[in-house]
Amino acid sequence: MKRVITYGTFDLLHYGHINLLRRAKALGDYLVVVLSTDEFNWKEKNKKCYFSYEERKMLLEAIRYVDLVIPEENWEQKKSDIHEYHIDTFVMGDDWVGKFDYLEDEGCNVVYLPRTPEISTTQIKNDLNK
Ligand code: C2G
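Keep in mind the model is a prediction, meaning the values are calculated, not measured.

Peer 1: Could you clarify how one ought to interpret the nonpolar core in this entry?
Peer 2: Generally speaking, soluble globular proteins have nonpolar side chains that are buried together. Ranked by internal contacts, the top residues of the largest apolar core, which has 16 residues, are Ile5, Val32, Phe90 and Leu103. For this core, the elements supplying multiple residues, two or more each, are strand S1 (3-8), strand S2 (30-36), strand S4 (89-93) and strand S5 (109-113). Looking at this core element by element, the count peaks at three residues for S2. One finds Leu21, Ala24, Tyr53 and Val91 within the second-largest nonpolar core, a separate group that totals 15 residues.

Take a look at the structure:
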C-alpha cells in the first residue's frame, strides 16, 4: 500500500483544493491530510480561517480522496509524520516548490503539483467583499 501525505489550511474549500487532493491520492492508495489547526494558522501563517479546524476537518473527511485527517500544529512535525504514518510520497502545490526537498532524506518522494490557477481562498474573500 502506497501512502501519501499533504499539508494545508483548506479554508473555504474550493476546486483548487480538490484538484490537489485528487492528484495526490492518484500517487498512492492512502492519503493523509495534515490540517493546520486554528492556532497554527494564526500564529505561524497569520491566517484567520472562516471555518474552524473541526469544520474544515469535517469537510475534508467527506472527500472521497481523503483517508485520514490529522492536525498540523507546527512546521517541524513533517519529518516525524512521515515515519509515524509510513509515508511513501509527500505532496504539495508548487507554490511550495523546493521548500520540503529535505524530506527526501527521510526516504520519501517529494512531489510538487501545479496549483490550480485563478482560484484561492483569498480571491474568494476579495470577490465576496466587492
Ligand atoms: N492549492 C492548489 N491550487 C489552489 C489553491 C491551493 O493546488 N488554487 C494547494 C496548495 O498548493 C496546497 C493545498 O492546496 O498544497 C492547500 O492550500 P492551502 O490551504 O493554501 O495550504 P497552505 O496555507 O499553503 O498550507 O505546512 C504546509 C502548510 O500547511 C501549507
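Peer 1: Explain the pairing of S2 here, please?
Peer 2: For a regular strand, side-chain orientation follows a simple rule: the groups alternate between the two sheet faces. Within S2, seven of the seven residues are buried, which leaves the element mostly enclosed by the surrounding structure. Neither face of S2 is open: one carries Tyr30, Val32, Val34 and Ser36, the other Leu31, Val33 and Leu35, and all of them are buried. Sheet topology note: the S1/S2 ladder contains six bridges and is parallel. Across the sheet, residue Val4 finds its bridge partner in S2, namely Leu31. Handedness of the crossover joining S1 and S2 through helix H1 (residues 15-25): right-handed. The sheet contact formed by S2 and strand S3 (residues 68-72) spans five bridges and is parallel. Bridging across to S3, Leu35 finds its partner in Pro71.

Peer 1: Could you clarify how one ought to interpret the sheet that holds S5 in this entry?
Peer 2: Either a parallel or an antiparallel arrangement is found when strands of a sheet pair, and the pairing is made through backbone hydrogen bonds. If you trace the five strands from one edge of the open sheet to the other, you get S3-S2-S1-S4-S5, paired in parallel fashion. Among the strands making up the open sheet, the edge pair consists of S3 and S5. Going from strand to strand, the sheet's axes swing by 25° on average, the running direction of each strand aside. Strand direction decides the pairing type here: S4 and S5, joined by five bridges, are parallel.

Peer 1: Would you explain the site of the ligand in this entry?
Peer 2: Taken together, 21 residues lie around the ligand, and Lys47, Glu72, Lys78, Asp95 and Ile119 are the ones closest in. In this structure, Lys47 approaches the ligand through a side-chain N or O atom, which is 2.5 Å from an oxygen atom. Asp95 is positioned with one of its side-chain polar atoms (N or O) 2.7 Å from an oxygen atom of the ligand. Computed on the free molecule, the ligand has an accessible area of 630 Å², of which 95% lies beneath the protein chains in the complex. Contributing elements (two or more residues each) for the shell around the ligand: S1, H1 and S4. The biggest single contributor to the shell around the ligand is H1, with three residues. In terms of residue class, the shell around the ligand is built from seven nonpolar, eight polar and six charged.

Cut-offs and rules
Residues numbered from 1 in each chain as written. Predicted model: local features only at pLDDT ≥ 70, side-chain atom pairs only at ≥ 80, totals over all residues. Heavy atoms only, no water. Core = buried A, V, L, I, M, F, W, Y, C linked by side-chain atoms within 4.5 Å. Buried < 20%, exposed > 50% of the residue type's maximum accessible area, 1.4 Å probe, protein only. Helix = DSSP H or I, 4+ residues; strand = E, 2+ residues; numbered from the N terminus. Pairing = 2+ DSSP bridges. Right-handed = clockwise from strand over helix to strand, strands pointing away. Axes fitted to C-alpha atoms, helices over the stretch in contact; angles between N-to-C directions. Near = heavy atom within 4 Å. Polar contact = N/O pair within 3.5 Å; in protein donor to acceptor, adjacent residues only side chain to side chain. Areas by Shrake-Rupley, 256 points an atom, 1.4 Å probe, with all protein chains shown as cover. Nonpolar A, V, L, I, M, F, W, Y, C, P; charged D, E, K, R; others polar.

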